[in-house]
Each structure stands twice: as C-alpha cells, then as structure tokens.
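Tertiary structure, described
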Number of protein chains: 2
Amino acid sequence: MPNVSIKEVARLADVSIATVSRSINNPEQVTEKTRLKVQDAIAKTGYSPNKLAQNFRRGRTNMVMVVLPSVGDPFFTAVMKGIRAAARNKGYSVVIEETQLNTLTADEIGAMLVSNQTDGIILLASVSPFGTEISSAKSHRQLPIVIGCETISPELADFPSVHIDNIAAAKEATNYLISQGHKRIAMIYGQESSLLTKDRELGYRAAMKQAKLPIADGWVVEGELTIAGARKATRNLMSHNDRPTAIFCANDEMAIGCLHEVKSAGLSVPEDVSVIGFDDIRYAEVTDPPLTTISQPAEEIGERVMYRLCRRIDAGNGTSSAPEIVPHKLVIRQSVAKPAN
Amino acid sequence: MPNVSIKEVARLADVSIATVSRSINNPEQVTEKTRLKVQDAIAKTGYSPNKLAQNFRRGRTNMVMVVLPSVGDPFFTAVMKGIRAAARNKGYSVVIEETQLNTLTADEIGAMLVSNQTDGIILLASVSPFGTEISSAKSHRQLPIVIGCETISPELADFPSVHIDNIAAAKEATNYLISQGHKRIAMIYGQESSLLTKDRELGYRAAMKQAKLPIADGWVVEGELTIAGARKATRNLMSHNDRPTAIFCANDEMAIGCLHEVKSAGLSVPEDVSVIGFDDIRYAEVTDPPLTTISQPAEEIGERVMYRLCRRIDAGNGTSSAPEIVPHKLVIRQSVAKPAN
DNA sequence: TGCGTTATTGTAAACGTTTACAATCGTGCT
DNA sequence: AGCACGATTGTAAACGTTTACAATAACGCA
C-alpha cells in the first residue's frame, strides 16, 4: 500500500504522470473531467505523493530548525508556541535542537542548513562556535537564519532579529526596586556565556550607577539559569555580611528558586527581601508570593521571528535585516515591597 | 558554493561518482590512495552530500516525530529530554507536533508517516482520529509507532508502549490520603478526552471503593490539565457544601493551580486542605508548600520509548509489542497532612 | 609467463517527482 | 471547411544519490 507511485495513478486514470502531477499541484491547468478521473484513481490506489521525492525535486523540505538553550524553560515554550502557530500557518514543520547538553550541535546545525535538511534556522540561543562555522560559508549573509530573544553576537550581527530591549528592561526592573526605596540591590544573572544575561546585567548596573547606588562585592552572582543554581546563589546572598534587601533575577526560573530559598532561610518575601524576575512565565502568577517581573511578549516574538524567517526563505537576502524591537512591560504582583529598614 | 555535487568531486579527483560515493560511505571498499584523492577533492570543493537526495534515494530521513499534548508541560519536557538523548545517540533528529490547538494534526500525522517524511512516530498523546486513520492502512501493525505515557486506546493496542501503571499509581496516591485519615477526597481530572486521565480516575475510584469511602456528587471535576482550569475546578470544590479535606490532582500543573486557589480562598495547605499531585515536575519541590506527588521516571520513559522506536524502524515488525511498564514512586513532601477534624 | 582469483573501479539504471517543450485537441472565426 | 489560436495533454529530461553488475586492475601461484 505505501508503495503506490504516481505511475500507478497515471495508468489507472489513463493519463500521463505529468497530468497527474498537474491535477494535484496545478488543478487549474487541467480539465475538470481529467481532474476527476485522476482524483478517482488516487482514491482507488490510496496514493499519496512521496514527500522525499518532492523535497528532493523541489529542493525544499518545509521544515525549519529552532535552536534553543532548553525546551524545559517555559519562556521558550511560550516563544515556541508563537513559532508553531506561524509555522503551521505557512505550512512548515519545526524541528528542535537544544544547545544544552552537547557542544557537537553547533557543527551539526551548520551542516544541516548547508545540506539543506531544513529550509531555515531560528536561533533562540547564542551558539558560539556557530558564528565561525556560519561566517566561514562564502555567502553567509544570505543564509535563512533569524535570531530571536538573544541579543546578537558580533559575528551574527548581519542576520535579522526580533527581541525586546533587554538593557532597557533590566534598567526598568532595577529602577522599580529603587523607586520602592531599595538601596541594597543584588542581581542573579544567568550564565557567563549567555549574551542575553549580559545585557540584563548591563541594564542593572546602569540603573544602579545612575541612582548612585553602590554594588557590593558578591552581590552579582551566577545562577546558571536554573532553579538549583539560583538557590545556591541566593544562599550566598542571604549570608552576605551586607545582605541585600532586594534581588533582581535575570529570569523567572531563577526567581522561583530564589523565592524558595529566601523562605528556606527563614525570611519572608517581600517583607524581608524583595524579589523581581524576568520573562513572566506562566508560573509567575502562582508563586508564593506572586512574582513581580518583566513581561516579554513571548508568543509574539515567536510569530514574528517565524514570519521573518519565511520572508528570508522566500525573498532571499533582499529583505531587511534590521533588528525588530518588541515592547516589554513591568508586571507588578506581590514579591516586591518597600524595604523594612 | 552550496551547489557542488558529487560529479564535481568526481571530476576533480578523476574518478567516477560511484567511487566518490563509496569513499564516503564505504571507505573499506576503496583503495587508500583514491580515498585520499577523493578526500582532497571534497576539501577543495567544499562538497557536502545533498541530504535531500540521500533521503530520497535511501527512503530514510533520520527524523522521528513526537506527538504530544503541549510542549509547555514540564513533564513532557522531561520525557523529551530522554527522547532527545536517545535520538542523538542513534543519529536521529526530532520534530515535534502538538495536538493541543488544532484537530487537523491527526490527519497530517498520518500523512506524514505514510509519505515517510519521518521514519517513525512517538505518540505521547492520544490523538483519537489518528486511530482510525492509521488502522485504515493495510499493514498498520508494522508502522513504526511507539506509544509513551498514555495508556493505549483499543485501536492502538497493537503498538509497543512504555508507561507506568497509571491505575496503580493513582490508587497509591489516593490510598496515601486515606492512610492519613482523609475520608472526603475529591479529584480533579484532566480532560474528558484523555485516556491517561481516565486511568488515574479509575485508580482513584478503585481506592475509594476499596476503602468504602463515598464519592459525593461534584467531587470529581474536570481541570483541563491547565493551571487556570484547575483553579476553576478548585473554586467549585471549595464552595461545595460537603467540602473535601483532600484533593487528588491528575497532574502537577493542575496541583499548582489547585494549591494557589485553595490559598486564595483563605484556607491553608495542608492544614485545611491536603493536595496531592502527579508527575513530579521540577516545580513540584518549590511550590508552597512543596508538593506531595507521584513521580514518574520521565526521562527514562523518553529514552526507552525512543530506543524501542529505533528497534521497530530497524527490525520492522519482528520486535515485540508488549507494553513496557516502568516503576512510579510516591514522593512525600508537605502538601498532605492529617485532616483537622 | 600465464592463469585464476580477488580487489578495485566504472557504467548505467533507478528512486518518484516536477517541468520545459512539443504535440495534440478543441473552439471560434472567416 | 479551413485556419489560427489557446487550452490541454504527453514526452522526456532532470534533480543527486546509491548500487547491481560489468569491466578492469592487481596479485599470487604454478
């Protein structure tokens, strides 16, 4: 059953294979009568076109690859939702690669695109060796690659991107803490290697500087972008001899770990320590207390990035590669209050 | 640069295309000298085999499809982690489809497999029209499909599967509540359509019956498998005129919503109401209070299911299709206590 | 040296589509 | 009726691999 080809259909409908192909793909080029004959034959044989042959012939797979740090992060999950919606709309399937575990991926990714296993790539994570891999390709500017969320590393600056203004958003978060009267504000950033995290740190530092507030040694700590990492980081902050009254976490996942660890230390949020997050994942409103955070339009980013990629795929490099900045928003819940002292 | 084919390499290395192909895929069939010549030519031209042509010719894509309810659920995320690890190990890429939004998917899935866009399918969700779609195929037993987590619907009973014993696990959760002295125990199940949820409900009912405990009208409510759905369900339970002292949620996502809603109602967990979940997602230990729940070996399920699929793909239908049951475990944290009254 | 055997290479077909081009058909007009 | 023209169909090539089979080269042995 699976082995019926277009020939079989042609034989049964008593037409040429070209006509069968046309009735399927360009029905307007074919007479009503033959279209029906062909339709009949298709139904009788149970024929369905061999996608592998089609892909080969057309040089297209209608698949795009999304590279992200971890499928586990609810923020990326939300972005993916937007990507999938757009992809579905445009007839694409999505294959996902994580950078998390192995460093191999970077090469594989390059290989995949070059050997056009997929029609395009969305980078939601900065995969560093990738920069060189790609830029070594002659015409790398034309490769259908679009960058989302991540701030762009220099090697990738030529590619279109969609993201919020991370620096401004981090500044806004910090300023909110300051406006509440906090002076001793710590930050848990993600990973040394993450550019995105770097920008948020920059925003935090800028806001502190502008408010002429000092940042004590040991107030800016790495959280590894995980719950466990943030707990460890928070533990250090809680035992700091100049304990901060507020903590800015570079994402909500870490903020959740932070919240929990503050409470484990016998302190309460926000009475003793205020916590502010970043991303506004769906768990942010059910933490205890509900998390004040910066909200990104994750789904919208996903959609835009996918549509952007489609344009690149269709129109080649003719399309603009200017970064597209989407708006963020401070969402005030209950994890931040005025400091006690 | 991307358009160099095997011919170009052959010309440069002064051999036939067959020899080039062999030096790449079966180097042992080729003399050391020519292998080097070819290697050289490949390097010079920057050739890399056209995957689309390979796929076409070999009738294989080295891609598998995973169908799940929602990529957002941390439980499935964990399963995916296992799948990816195994897939990477076996040289497969993974394309993900969600059943969530559209009902179209079911047909597309069938189509995808039939037109071998992917080499196999892992079903982590019961996609109901799919049963008929697939079973209408002549030799459907041989299709490389493996089922994970979900209990198997009758139409799909022929396919191999990997999952915990959902009925026994739900019974265990309920019995734990009973052992703590609870008598008025409610349940929030997922979706009417989900078989998985059905089994958990069965286990709950069995345990209640065995303990000769009554289940009042309105104690078994739908939670839609989401935080919001569970909140709504909990609201109903909290205003029930025979308010339960314990709630069994069919997954942790709903348990999180449930916890939050109980607290919103001015009650406390576990003093006034005990809550027990299912899955042990990574957020379960940072809820307030930390969630008592049934833990599934999610990653292991993912790995096993993927390896099982590989065997199916390689060995055809020769392989066993007996369900593989993996162990679950009750994880006791702090969301369950003895009832007050 | 010549023969048989094996290792290495080349030739050409095949996979299932799509599509340029040529051939045919049908229609309306004179 | 004959012609021109457009609509429809058929023929055959092409896409880039892999691989069965044939051809050749290399080698050992008598």
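Before going further, it helps to spend a moment on the overall build of chain A. Helix and strand counts for chain A come out as 12 helices and 12 strands. By the burial criterion, 54% of the 341 residues in chain A qualify as buried. Pairs at least 24 residues apart make up 74% of the contacts formed inside chain A by residues separated by at least 6 positions. Here chain A displays about 14400 Å² of accessible surface, and carbon together with sulfur accounts for 50% of that area.

DNA strand D sits among 25 residues. The nearest are Thr19(A), Thr34(A), Ser21(B), Arg57(B) and Arg58(B). Each atom of DNA strand D within 4 Å of the protein was classed as base or backbone; sugar and phosphate made up 56%. For DNA strand D, a phosphate oxygen lies 2.6 Å from a polar atom in the side chain of Thr19(A). Taking Tyr47(B), its side chain carries an N or O atom lying 2.9 Å from a phosphate oxygen of DNA strand D. Those elements that place two or more of their residues in the surface near DNA strand D are helix H2 (17-25) and helix H4 (51-58) of chain A together with helix H2 (17-25) and helix H4 (51-58) of chain B. Residue composition of the surface near DNA strand D, grouped by class: 11 nonpolar, nine polar and five charged.

Quick look at the sheet that holds strand E7 (residues 220-222) of chain B now. Residue and element names in this part refer to chain B. The strand order across the open sheet built from six strands is E7-E6-E8-E9-E10-E12, with neighbouring strands paired in mixed fashion. On the outer flanks of this sheet lie E7 and strand E12 (329-331), each paired with one strand and no other. Sheet twist, expressed as the average angle between the axes of neighbouring strands with direction ignored, equals 20 degrees.

A word on the sheet that holds strand E10 (residues 292-295) of chain A. Residues and elements named next belong to chain A. Read from one edge to the other, the open sheet built from six strands follows the order E7-E6-E8-E9-E10-E12, with strand pairing classed as mixed. Pairing within the sheet leaves two strands with one partner each, and these edge strands are strand E7 (220-222) and strand E12 (329-331). Across the sheet, the mean angle separating the axes of adjacent strands is 20 degrees when strand polarity is ignored. Two elements, strand E6 (residues 185-189) and E7, share three bridges in a ladder whose sense is parallel. In the strand pairing of E7, Tyr189 is matched with Glu222.

Moving on to the relation of the copies chain B and chain A. With an axial shift of 0.3 Å and an RMSD of 0.4 Å, the rotation relating chain B to chain A amounts to 180 degrees. Considering both components of the superposition, the chain copies are consistent with a two-fold axis. Ranked by how close their C-alpha atoms come to the rotation axis, the residues of chain B are headed by Val95(B), at 2.0 Å. Of all interface residues in chain B, 98% are interface residues in chain A too; the two copies therefore contact each other through one and the same surface.

Take the interface of chain B and chain A next. Each partner contributes residues to the interface: chain B has 50 residues there, and chain A has 50 residues. Looking only at chain B, the three residues that lose the most surface to chain A are Leu52(B), Arg88(B) and Tyr283(B), adding up to 15% of its buried area. Inspection of the region where chain B meets chain A yields eight salt bridges. Glu97(A) serves as the salt-bridge partner of Arg88(B), at 3.7 Å between the closest nitrogen and oxygen. Along the contact surface separating chain B from chain A lie 13 residue pairs in polar contact (both at pLDDT 80 or more). Mapped by element, the contributors of at least two residues to the side of chain B that touches chain A are H4, helix H5 (74-90), strand E2 (93-98), helix H6 (105-114), helix H10 (227-238) and helix H11 (252-264) of chain B. Counting residues per element, the side of chain B that touches chain A draws most heavily on E2(B), which supplies six residues. A per-class count over the side of chain B that touches chain A returns 19 nonpolar, 15 polar and 16 charged.

What follows is about the packing of aromatic side chains. Here a ring pair, both rings aromatic, is described through the centre-centre distance and the interplanar angle of the planes. Under the criterion given, the structure shown has six aromatic pairs over all chains. Between Tyr283(A) and Tyr283(B) the ring centres are 4.3 Å apart and the planes differ by 35 degrees, which places this aromatic pair in the tilted class. Of this pair, Tyr283(A) sits in the loop between strand E9 (274-279) and E10 while Tyr283(B) is found in the loop between strand E9 (274-279) and strand E10 (292-295), placing the two residues in two different chains. In this structure, Arg200(A) packs its charged tip against the face of Phe278(A), placed 3.7 Å from the ring centre.

So, about the environment of Val71(B). As for its placement among the helices and strands, Val71(B) is situated in the loop between strand E1 (63-68) and H5. Of the residues examined, Val71(B) reaches a relative accessible area of 13% and is grouped as buried. In contact with Val71(B), other than residues within four places in its own chain, are Thr77(A), Thr77(B), Ile96(B) and Glu98(B).

All right, on to the pairing of E10(B) then. All names here are of chain B. In this sheet, E10 lies alongside E9 in parallel orientation, the contact comprising four bridges. Residue Ile276 lies in a different strand from E10, and its bridge partner there is Thr292. Examined bridge by bridge, E10 and E12 share three bridges and lie antiparallel to one another. Bridge pairing in E12 places Ser295 opposite Lys329.

So, about the domain arrangement of chain A. As far as domains go, chain A holds domain 1 (6-49), domain 2 (60-163 + 298-326) and domain 3 (166-295). The centre of domain 1 of chain A, based on its C-alpha atoms, is set 63 Å off from the matching centre of domain 3 of chain A.

As a further point, take the nonpolar core. One finds Ile83(A) and Ile83(B) to be the most contacted residues of the largest nonpolar core, which totals 147 residues. Of all hydrophobic cores here, the second largest spans 21 residues; its members include Met63(A), Ile145(A), Val67(B) and Ile145(B).

All names here are of chain B. A complete count under the given rule lists 40 salt bridges over all chains for this structure. Two residues, Asp40 and Lys44, come together in a salt bridge whose shortest N-O distance is 3.8 Å. A residue pair is termed a helical-turn pair when its members lie 3 or 4 positions apart in one helix, as Asp40 and Lys44 do in helix H3 (residues 32-45) at four residues. Its relative accessible area of 64% is what places Lys44 among the exposed residues.

Residues and elements named next belong to chain B. Helix length check: H11, at 13 residues, gives a terminal C-alpha distance of 18 Å against a target of 18 Å (1.5 Å per residue), a fit within 8%. Along H11, the residues classified as buried are Asp252, Glu253, Met254, Ala255, Ile256, Gly257, Cys258, Leu259, His260, Glu261 and Val262. Summarising the contacts, the buried residues of H11 are in contact with H5, strand E6 (185-189), H10, strand E8 (246-249), E9 and E10. Its side-chain oxygen 3.3 Å from the backbone nitrogen of Glu253, Asn251 forms the N-cap of H11. In the stretch just after H11, Gly266 is the one whose phi turns positive, near 85 degrees.

All names here are of chain A. With respect to the helices and strands, Ser274 occurs in strand E9. A residue is classified by how much of its surface remains accessible, and Ser274, at 0% relative accessible area, is buried. The spacing of Ser274 and Ala246 is 28 residues in sequence and 4.4 Å in space, taken between C-alpha atoms. When sequence neighbours within four positions are dropped, the list of residues in contact with Ser274 reads Leu177, His182, Thr245, Ala246, Ile247, Ser335, Val336 and Ala337.

Turning our eyes to something else, we now look at H3(B). Residues and elements named next belong to chain B. When the terminal C-alpha atoms of H3 are compared, their 20 Å separation across 14 residues agrees well with the 20 Å that a helix rising 1.5 Å per residue should span. Taken as a whole, H3 has its buried residues at Thr34, Val38, Ala41 and Thr45. On an axial view of H3, the arc spanned by its buried residues comes to 60 degrees, and they lie on one face. Looking at H3, the residues exposed on the side facing more than 90 degrees away from the buried face are Lys33 and Ala43. Those residues of H3 that are buried lie in contact with helix H1 (6-13) and H2.

Conventions we followed
- Residues numbered from 1 in each chain as written.
- Chains lettered and ligands numbered in written order.
- Predicted model: local features only at pLDDT ≥ 70, side-chain atom pairs only at ≥ 80, totals over all residues.
- Heavy atoms only, no water.
- Helix = DSSP H or I, 4+ residues; strand = E, 2+ residues; numbered from the N terminus.
- Buried < 20%, exposed > 50% of the residue type's maximum accessible area, 1.4 Å probe, protein only.
- Contact = heavy atoms within 4.5 Å.
- Areas by Shrake-Rupley, 256 points an atom, 1.4 Å probe, with all protein chains shown as cover.
- Near = heavy atom within 4 Å.
- Polar contact = N/O pair within 3.5 Å; in protein donor to acceptor, adjacent residues only side chain to side chain.
- Nonpolar A, V, L, I, M, F, W, Y, C, P; charged D, E, K, R; others polar.
- Pairing = 2+ DSSP bridges.
- Axes fitted to C-alpha atoms, helices over the stretch in contact; angles between N-to-C directions.
- Least-squares fit on C-alpha atoms with pLDDT ≥ 70 in both.
- Buried area = accessible area lost by both parts, 1.4 Å probe.
- Salt bridge = Lys/Arg side-chain N within 4 Å of Asp/Glu carboxyl O.
- Phe/Tyr/Trp six-rings, centres within 6.5 Å; stacked < 30°, edge-to-face > 60°.
- Lys NZ or Arg CZ within 6 Å of the ring centre and 35° of its normal.
- Domains from an automatic or database assignment.
- Core = buried A, V, L, I, M, F, W, Y, C linked by side-chain atoms within 4.5 Å.
- Expected span 1.5 Å × (residues − 1).
- Arc of directions from axis to C-beta.

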